[in-house]
Amino acid sequence: MGIRFPRPSVTLGVVTVIVAATAAVVVTGAGAASAASVTFTPVADTYVQSDTATTNYGTSTQVVVDNSPVRRSFLRFTVSGVSGTVTGAKLRLRTISGNSGSDAGGTFRRMSNTTWSETGTTWNNQPTIDGATLGTVGAVSGNSWYEVDVTAAVTGNGTYSFGATSTSGDGAYYDTRESGADAPQLVVTGSTTPPPSGDPVFVGAGDIADSGSGDSATATLLDSIPGTVFTTGDNVYDSGTASQFNSYYEPTWGRHKSRTRPSPGNHDYNTSGATGYYNYFGTSAGPSGRGYYSFDLGNWHIVSLNSNISMSAGSTQEKWLRADLAASSRPCTLAYWHHPLFTSSSNHAPSTSTRPLYQALYDYNADVVVWGHNHVYERFAPMNPAGGADSSRGLRSFVAGMGGAGHYGFGTIQPNSEARNSSAWGLLKFTLHSNSYDWQFVPVAGQTYTDTGTTTCH
């Protein structure tokens with residue numbers, strides 16, 4: 001995001017008429033502490049209408065508050081990356097250009113329901129607008145910005161829903177997230193401490209989001225851990241549909257999507273072509289439909305691979321991997337994908353079809369590989385592609401399938417397995433130094449298991 005400064009605004013009672021939309025980030029001050037404002041656009045918005053009780057308006061370019069017919073609007077935002085104390089939060093909306101205005105812009109309240117469906121909500125199944133009143137907008141004109149102070153509702157990182165109603169029969173019409181630059185905004189201001197300079201953090205897990213509580217707990221962990229987030233596949237259950245991404249992943253790990261570099265799992269491919277996965281993550285998942293890509297973090301080269309397509313020696317993916325590794329100038333390398341070559345879990349056997357990828361990494365002196373698929377945590381000593389201990393050139397491997405889905409168990413413990421847990425959800429956190437790395441299993445609240453260590457690069 002660029003750093004810009006806000007344009008002037010004119011305060012009118014409890015509502016502010018915005019002269020022009022403010023930019024994405026505002027930072028003032030310097031030194032140990034500063035004030036920063038971050039602007040978020042909705043992850044969902046829609047309205048319902050009393051005389052079209054079964055109609056969904058989730059893809060509409062407007063949300064409406066009215067009393068004849070009764071129309072109620074709903075907006076949901078995901079706040080992430082905000083540190084320090086929240087000192088202010090403003091909900092900003094722009095009236096559409098094609099409407100002459102209204103004598104009442106609506107009453108806005110916080111809602112406890114943060115999982116309603118943008119594309120499924122109708123008058124008949126609408127969520128309850130049950131929170132305290134946050135602000136009321138008076139008369140509005142067309143093509144103008146209006147602002148409501150929602151500081152009482154927004155306390156930090158998390159997902160927030162707002163509902164709007166009106167007692168006037170003259171409706172007010174606002175642009176939605178489908179309107180691009182005119183989309184609603186939630187501007188959160190906090191007293192922040194600049195992040196410490198240091199080595200990159202790479203943190204994540206796989207087998208994440210379903211209708212349970214584990215994904216919420218691991219997402220809460222992410223709220224307090226900076227860095228780049230990875231996923232080792234099966235991002236959402238059961239079938240990787242767009243609806244499941246919106247209902248399960250978006251309210252939890254979705255608030256960290258902007259810093260997430262995912263990999264796909266077999267459940268993501270339960271939707272043909274994993275279109276739910278690729279559409280949800282967009283360019284963050286690499287070239288559309290391919291599922292493998294690479295990037296650099298500090299002194300490290302990071303490779304995300306796709307174990308749901310061909311991985312055989314000479315396949316397109318395997319040849320790409322070898323060329324990518326040959327072109328890298330970084331001294332340390334970490335790779336991750338879904339299906340594990342080595343695992344002691346009793347649920348899914350080792351996926352030997354992944355061995356050519358491991359072989360390529362070994363041939364180019366890579367250091368770490370991370371998998372998911374089995375819903376456990378397991379760490380192996382450095383090994384060669386055949387599974388033999390190799391302290392000089394072997395890759396240290398991790399199974400990190402503890403992102404939130406139900407736990408699996410262990411069967412026969414495989415050679416060189418050094419640490420295991422099948423009861424704690426958590427995250428695998430790497431701190432990537434210039435020629436070494438630290439790893440740490442970070443458990444969710446209420447769990448005590450941990451595993452830590454340090455290793456130099458090859």
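Residues numbered from 1 in each chain as written. Predicted model: local features only at pLDDT ≥ 70, side-chain atom pairs only at ≥ 80, totals over all residues. Heavy atoms only, no water.

**Let's talk about the environment of Asp324**
Within the secondary structure layout, Asp324 lies in helix α4 (residues 316-327). Looking at Asp324, the relative accessible area reads 13%, which means it is buried. Expressed as a C-alpha distance, the spacing of Asp324 and His301, which sit 23 residues apart in the sequence, is 9.7 Å. Ignoring anything within four residues of it in the chain, the contact list for Asp324 reads Ser294, His301 and Val303. A distance of 2.6 Å separates the side chain of Asp324 from the side chain of His301, its partner in a polar contact. (Helix = DSSP H or I, 4+ residues; strand = E, 2+ residues; numbered from the N terminus. Buried < 20%, exposed > 50% of the residue type's maximum accessible area, 1.4 Å probe, protein only. Contact = heavy atoms within 4.5 Å. Polar contact = N/O pair within 3.5 Å; in protein donor to acceptor, adjacent residues only side chain to side chain.)

**Brief notes about the confidence of the model for the protein chain**
When pLDDT is averaged across the protein chain, the result is 89; 90% of the residues are at 70 or more. Here residues 1-34 is modelled with pLDDT under 50, and outside its nearest four sequence neighbours on either side it reaches 70 contacts, counting other chains as well. The low-confidence segment residues 192-196, where pLDDT is below 50, has 11 contacts with residues more than four positions distant or belonging to other chains. (pLDDT = per-residue confidence, 0-100.)

**Notes on the sheet that holds strand β25 (residues 426-432)**
Ordered by their spatial adjacency, six strands build an open sheet running β17-β16-β15-β25-β26-β27, and the pairing between neighbours is mixed. Lying at the two open borders of the sheet, with one neighbouring strand each, are β17 (260-261) and β27 (452-456). Relative to β27, strand β26 (residues 436-443) runs antiparallel, the two sharing five bridges. Opposite Ser436, over in β27, you have Thr456 as the bridge partner. Set on the sheet, helix α1 (residues 214-223) makes contact with β15 (201-205), β16 (228-231), β25 and β26; between it and β25 the angle comes to about 25 degrees. (Pairing = 2+ DSSP bridges. Axes fitted to C-alpha atoms, helices over the stretch in contact; angles between N-to-C directions.)

**Some remarks on the packing of aromatic side chains**
One pass over the structure, following the stated rule, counts 32 aromatic pairs. Aromatic side chains Phe245 and Tyr249 sit 6.0 Å apart centroid to centroid with 55 degrees between the ring planes, which places their arrangement in the tilted category. Here the residue Phe245 and the residue Tyr249 both occupy positions in helix α2 (residues 242-249), the gap between them amounting to four residues, near one helical turn. Accessibility assignment for this pair places Phe245 and Tyr249 in one class, buried. (Phe/Tyr/Trp six-rings, centres within 6.5 Å; stacked < 30°, edge-to-face > 60°.)

**Some details on helix α5 (residues 355-363)**
Of the positions making up α5, those classed as buried are Pro356, Leu357, Tyr358, Ala360, Leu361 and Tyr362. Where α5 is buried, its residues contact α4, β20 (332-336) and β21 (368-371). At the C-terminal side of α5, Asn365 shows a positive phi close to 60 degrees.

**Regarding the sheet that holds strand β23 (residues 396-400)**
Spatially, seven strands are ordered β18-β19-β20-β21-β23-β22-β24 in an open sheet, and the strand pairing comes out mixed. Here the strands that pair on one side only, and so sit at the sheet edges, are β18 (293-297) and β24 (417-421). Strand-to-strand, the axes of this sheet are offset by a mean angle of 15 degrees, without reference to chain direction. As defined by bridge partners, β18 adjoins strand β19 (residues 300-304) across five bridges and the pair is classed as antiparallel. Bridge pairing links Leu297 to Trp300 in β19.

**Digging into the packing of α4 against α5**
Between two packed helices, both the angle of their axes relative to each other and the distance between the axes serve to describe the pair. For the pair α4 and α5, interaxial distance at closest approach is 10 Å and the crossing angle is 15 degrees. If you check the angle between α4 and α5, you find them roughly parallel. Here the hand of the crossing between α4 and α5 comes out right-handed. Residue-level inspection shows Gln317, Glu318, Leu321, Arg322 and Leu325 of α4 in contact with α5, the latter providing Pro356, Leu357, Gln359, Ala360, Leu361 and Asp363. (Parallel < 35°, antiparallel > 145°, perpendicular 65-115°, else oblique. Left-handed = near helix turned anticlockwise from the far one by under 90°.)

**Some remarks on the side chain of Asp367**
By the secondary structure assignment, Asp367 is in the loop between α5 and β21. For the buried residue Asp367, which engages in no salt bridge, the nearest side chain bearing the opposite charge is Arg396, 9.3 Å off. A polar contact of 2.9 Å, which involves the side chain of Asp367, links it to the backbone nitrogen of Thr333. In terms of polar contacts, Asp367 uses its side chain to reach the backbone amide nitrogen of His458, at 2.8 Å. (Lys, Arg positive; Asp, Glu negative; His and termini not counted. Salt bridge = Lys/Arg side-chain N within 4 Å of Asp/Glu carboxyl O.)

**A short note on the pairing of strand β7 (residues 70-79)**
β7 sits mainly inside the fold: eight of its 10 residues count as buried. Alignment of strand β5 (residues 44-49) against β7, held across six bridges, turns out to be antiparallel. Its bridge partner lying in β7, Thr46 is registered against Phe74. Pairing of strand β6 (residues 62-67) with β7 involves two bridges; the strand directions are antiparallel. Residue pairing across strands places Asn67 opposite Val70, the latter belonging to β7.

**With respect to the pairing of β26**
The element β26 is largely enclosed, with a buried count of six among its eight residues. Relative to β26, β25 runs antiparallel, the two being bridged by seven bridges. By the bridge assignment, Gly426 is partnered in β26 with Pro443. Linkage of β25 to β26, two consecutive antiparallel strands, is achieved through a turn of three residues.

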